[in-house]
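So you can see what is in the structure, the chains are spelled out below.
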Amino acid sequence: MRIIKTYSLFKSIVIFCMAMLFSCKDNYKRVGDEAQKVVYPQGVAKDLVFTYTETQEPVKNAEATVTKVQAVLTAAVMEDYDNLSFPRNVFPKGLQVDIYDEKNKKSVITADYGISYTSTKLISLHGNVVINTYDGKQFKTPQLYYDQINKWIFTQEKFEFVNPEDESVMLGTGFDSDEKLTKVNAHKTTGVKTFKDNEEL
């Protein structure tokens, strides 16, 4: 009789626990990173080499068309999010952009991370952003935007700009310029410049 009662009590406890388990709701409110919806790319490319070219005249015959290379983008990985409402391509392992001028002289932009926004033609670069121009200028900053349409770069972060033409090193916060670093607008600057004996200050 005692065994039967013990078994009945055990069975009641198991049923109660199962009822509690299946009736419980997850009332935990997620915030921060947990609240963000996970979005997966529609495609992933590895060891990417993408060449941007332009033609002087409308394309009529592919074999007869003369094209000029404007830029070459290389990256270890590119994640394609062009299916989203704000389409973009993400370069989580960094990228390099080789830019060629009208005389085919090359300047190079590198960064640890990048996002290329398809609709706005804006590239956002992050982490150890470095620009080396064909004539020896060097620009460094932790974050930089590149406007592909206007061929203009800009940042509100700290920067270092080395110009061998006038033997100067400029430091500051906030900078914008053409991609060749010839039309420079620098904000809040300090720096060092070399003057020759016969050169006025």
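Please read these numbers as outputs of a predicted model, since none were measured by experiment.

**Observations concerning unusual backbone geometry**
Then comes step 1: Its identity is not glycine, yet D47 carries a phi of approximately 50°, on the positive side.
Then comes step 2: As for its position among the elements, D47 is in strand β1 (residues 43-55).
Then comes step 3: Accessibility expressed as a relative area gives 67% for D47, which makes it exposed.
Then comes step 4: Although it is not a glycine, N128 adopts a positive phi angle of roughly 50°.
Then comes step 5: As for its placement among the helices and strands, N128 is situated in strand β7 (residues 122-132).

**A word on the side chain of Q70**
Then comes step 1: Turning to its location among the elements, Q70 is positioned in strand β2 (residues 67-80).
Then comes step 2: With residues up to four places along the chain from it excluded, the contact list for Q70 reads Y52, T53, E54, D98, I99, Y100 and K151.

**As for the pairing of strand β5 (residues 106-111)**
Then comes step 1: Two strands pair when backbone bridges link them, and strand β4 (residues 95-100) and β5 are joined in this way by 6 bridges, in the antiparallel orientation. Bridging across to β5, D98 finds its partner in V108.
Then comes step 2: Between the end of β4 and the start of β5, which pair antiparallel, lie 5 residues, with N104 showing a positive phi angle near 65°.
Then comes step 3: Relative to β7, β5 runs antiparallel, the two sharing 3 bridges. Each bridged residue has a counterpart across the sheet, and for I109 the counterpart in β7 is I131.

**So, the pattern of salt bridges**
Then comes step 1: Tallying each qualifying case throughout the model produces 2 salt bridges.
Then comes step 2: Salt-bridge contacts for K137 lead to E165; the nearest nitrogen and oxygen are separated by 3.4 Å. With K137 in the loop between β7 and β8 (138-147) and E165 in the loop between β9 (152-163) and β10 (168-178), this residue pair connects regions lying 28 residues apart in the sequence.
Then comes step 3: Accessibility expressed as a relative area gives 2% for K137, which makes it buried.
Then comes step 4: Note on E165: relative accessible area 58%, which makes it exposed.

**Some thoughts on the packing of aromatic side chains**
Any aromatic ring pair is given by two values, namely how distant the centres are and how the planes are angled relative to each other.
Then comes step 1: In this structure the tally under the stated criterion is 7 aromatic pairs.
Then comes step 2: Where F159 meets F175, the ring centres are 4.9 Å apart and the plane angle is 55°; that geometry is what we call tilted. Of the two residues, F159 is situated in strand β9 and F175 in strand β10; the sequence distance between them amounts to 16 residues.
Then comes step 3: By way of ring pairs, the aromatic residues F139, F159, F161 and F175 are connected into one cluster.
Then comes step 4: Between the NZ or CZ atom of R88 and the centre of the ring of Y81, over which it lies, the distance is 5.5 Å.

What counts as what
Residues numbered from 1 in each chain as written. Predicted model: local features only at pLDDT ≥ 70, side-chain atom pairs only at ≥ 80, totals over all residues. Heavy atoms only, no water. Helix = DSSP H or I, 4+ residues; strand = E, 2+ residues; numbered from the N terminus. Buried < 20%, exposed > 50% of the residue type's maximum accessible area, 1.4 Å probe, protein only. Contact = heavy atoms within 4.5 Å. Pairing = 2+ DSSP bridges. Salt bridge = Lys/Arg side-chain N within 4 Å of Asp/Glu carboxyl O. Phe/Tyr/Trp six-rings, centres within 6.5 Å; stacked < 30°, edge-to-face > 60°. Lys NZ or Arg CZ within 6 Å of the ring centre and 35° of its normal.

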